[in-house]
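Here is what each chain is made of, one letter per residue.
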Amino acid sequence: MRVAIAGKGGAGKSVVTGTLARVLGRRGERVLALDSDLLPGLTLSLGADAPERPPLLDAAERGEDDRWRLKKGIGPVRAVQRFSTPAPDGVRVLQAGKAPPEGTQAIMPALQAYYKVIHRLARTPAFGEWALIADLPAGARQLAYDWAPFADTVLVVVEPTSQSLLTARRIMRVAGARPGVTVAAIANKVKVPADRERIETFLGELVAASLPADPAVAAAERIGAAVIDYAPRSPVLAAIERLADELAEDGPSQRSRLTR
Amino acid sequence: MKIAVAGKGGVGKTTIAGTLARTLARRGNEVLAFDADVNPMLGVSLGVGSERTEQLVAVRQALDEGEAEHQPTVEGMEQAFGAAGPDGVWLLVCSRIDRADPG
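Residues numbered from 1 in each chain as written. Chains lettered and ligands numbered in written order. Predicted model: local features only at pLDDT ≥ 70, side-chain atom pairs only at ≥ 80, totals over all residues. Heavy atoms only, no water.

Peer 1: Sorry if this is basic, but what is going on with the packing of helix H1 (residues 13-26) of chain A against helix H10 (residues 235-249) of chain A here?
Peer 2: Residues and elements named next belong to chain A. At a closest axis distance of 9 Å, the pairing of H1 and H10 adopts a crossing angle of 65 degrees. Accordingly, the angle class assigned to the pair H1 and H10 is roughly perpendicular. As for how H1 packs across H10, the hand of that crossing is right-handed. Residues Val15, Val16, Thr19, Leu20, Val23 and Leu24 of H1 form the contact with H10, whose participating residues are Leu237, Ile240, Glu241, Leu243, Ala244 and Leu247. Tallied by class, the residues present in the contact of H1 with H10 amount to ten nonpolar, one polar and one charged. (Axes fitted to C-alpha atoms, helices over the stretch in contact; angles between N-to-C directions. Helix = DSSP H or I, 4+ residues; strand = E, 2+ residues; numbered from the N terminus. Parallel < 35°, antiparallel > 145°, perpendicular 65-115°, else oblique. Left-handed = near helix turned anticlockwise from the far one by under 90°. Contact = heavy atoms within 4.5 Å. Nonpolar A, V, L, I, M, F, W, Y, C, P; charged D, E, K, R; others polar.)

Peer 1: Mind showing me how you'd approach the interface of chain A and chain B here?
Peer 2: Quoted interface sizes are often the accessible area lost when the parts come together. Residue-level contacts link 17 residues of chain A with 22 residues of chain B. Roughly 1,600 Å² of surface becomes buried between chain A and chain B when both sides are summed, with 56% attributable to carbon and sulfur atoms. Glu54(B) is paired through a salt bridge with Arg170(A); the nearest N and O atoms lie 2.5 Å apart. Our count for the chain A to chain B interface comes out at eight residue pairs in polar contact (both at pLDDT 80 or more). Secondary-structure elements contributing two or more residues to the side of chain A that touches chain B are helix H5 (141-144) and helix H6 (162-176) of chain A. With eight residues, the top contributor of residues to the side of chain A that touches chain B is H6(A). Grouping the amino acids of the side of chain A that touches chain B by side-chain chemistry returns seven nonpolar, five polar and five charged. (Buried area = accessible area lost by both parts, 1.4 Å probe. Salt bridge = Lys/Arg side-chain N within 4 Å of Asp/Glu carboxyl O. Polar contact = N/O pair within 3.5 Å; in protein donor to acceptor, adjacent residues only side chain to side chain.)

Peer 1: Sorry, what's going on with the sheet that holds strand S3 (residues 90-93) of chain B here?
Peer 2: Hydrogen bonds between backbone groups are what pair the strands of a sheet, and the pairing can be parallel or antiparallel. Residue and element names in this part refer to chain B. With respect to topology, three strands assemble into an open sheet ordered S1-S3-S2, the strand pairing being mixed. Of all the strands in the sheet, the pair left with one neighbour each is strand S1 (32-35) and strand S2 (83-84). The pairing of S2 with S3 spans two bridges and is antiparallel. Paired with Ala83 across the bridge in S3 is Leu91. (Pairing = 2+ DSSP bridges.)

Peer 1: What should I look at first to understand the pairing of S3(B) in this one?
Peer 2: Every other side chain in a regular strand lies on the same face of the sheet, so the side chains alternate between the two faces. Residue and element names in this part refer to chain B. Summarising the sheet, S1 and S3 pair through four bridges and their orientation is parallel. What sits directly across from Phe34, in S3, is Leu92. Counting the residues in the hairpin turn of S2 and S3 gives five residues, including Asp87, whose phi is positive at 60 degrees.

Peer 1: Could you clarify how one ought to interpret the side chain of Arg96(B) in this entry?
Peer 2: Residue and element names in this part refer to chain B. Considering the arrangement of structural elements, one finds Arg96 in the segment after S3. The side chain of Arg96 is buried and forms no salt bridge, while Glu54, the nearest opposite charge, is found at 4.5 Å. Looking at Arg96, its side chain comes within polar contact range of the main-chain oxygen of Leu56, at 3.1 Å. (Buried < 20%, exposed > 50% of the residue type's maximum accessible area, 1.4 Å probe, protein only. Lys, Arg positive; Asp, Glu negative; His and termini not counted.)

Peer 1: What's the story with the sheet that holds strand S8 (residues 153-158) of chain A in this structure? I'm lost.
Peer 2: Residue and element names in this part refer to chain A. Taken together, eight strands build an open sheet; the order of strands is S5-S6-S2-S7-S1-S8-S9-S10 and the sheet is mixed. A strand with exactly one partner marks an edge of an open sheet, and here the two such strands are strand S5 (85-86) and strand S10 (209-212). Pairing geometry for S8 and strand S9 (residues 182-190), over six bridges, is parallel. Residue pairing across strands places Val156 opposite Ala185, the latter belonging to S9.

Peer 1: For this particular structure, what's the right way to read a nonpolar patch on the surface?
Peer 2: Residues Met1(B), Ile3(B), Val5(B), Ile16(B) and Leu20(B) make up a contiguous nonpolar surface patch of about 500 Å² in total accessible area. Among the secondary structure elements, Ile16(B) is positioned in helix H1 (residues 13-26). (Patch = residues over 30% accessible without salt bridge, like charges linked within 9 Å, V, L, I, M, F, W, Y side chains within 5 Å. Areas by Shrake-Rupley, 256 points an atom, 1.4 Å probe, with all protein chains shown as cover.)

Remember that the coordinates give geometry; whether it matters functionally is a separate question.
Below, the structure written as structure tokens:
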């Protein structure tokens, strides 16, 4: 399973990513949660501790051409072994790095190392059985610049607002330009059936999953807890478990069940 | 008055920026609303509508595609790239990412 999760800011990307990763981890899958957002979010939704400095800073060195590259001897396997951090349920998290107050320049080595690792992940046999679940920053930018090359599925989280719908449509166009990638919409914060219908009408296709507007999410986020820990019986968790079922049955070789 | 509105996604940056722009314009100020997000949505909050927001010219793309000349002045930018919104607010969209590999 190689999934990237995108959407407008505040649509619920991190909640979907973090909860999905935990659900799969509980089911015994080996899960690598990939966090390329320079702002915090995913570790909270995973219920994990955030590293104080980007671990991948130690994976990079300057090459003769003065560009940052992975240190000699560090490939995707070692990068994940050494520089990913633990989350509950056996999930590992690989973080590109969070922007410090002085700006992104300070974490450039880590960002470059991350970009190189993710470009080799999909071709590394050791990760063949792993679930790769990526939380992308808001908007279409990282998809446009190839920050999810490993993904065979892009899930676009969309809520029933004009801005979220327009953003989702832009993202789906960008993500769909890559051949062989399944692009599907996840309706979030759905209050009434008409919300889901509005999303499907606007996007012109069925949504792959519909997540309810659930006060448990807001309550969990208020105290910085993972939904899966804070509200184990919440409707939104049940919906994400069904999404995990769908993804698990969605083999890479067959036509995707998500968009049928 | 030169104001930038920032914050995490979904907190209401665009709603505040758009409503502030309209309010100031109604009070008689000349307002230039500048959308610097590569996922530009300020048009929606200003009230120009979803579909027109999608069709607004973005400076970066207009320059890249050779449809427009660089403009050294704000007034030139407004004339070349701006769109009139409600209450006389001028809206200027910086850039829009809507395809892969934008260069």
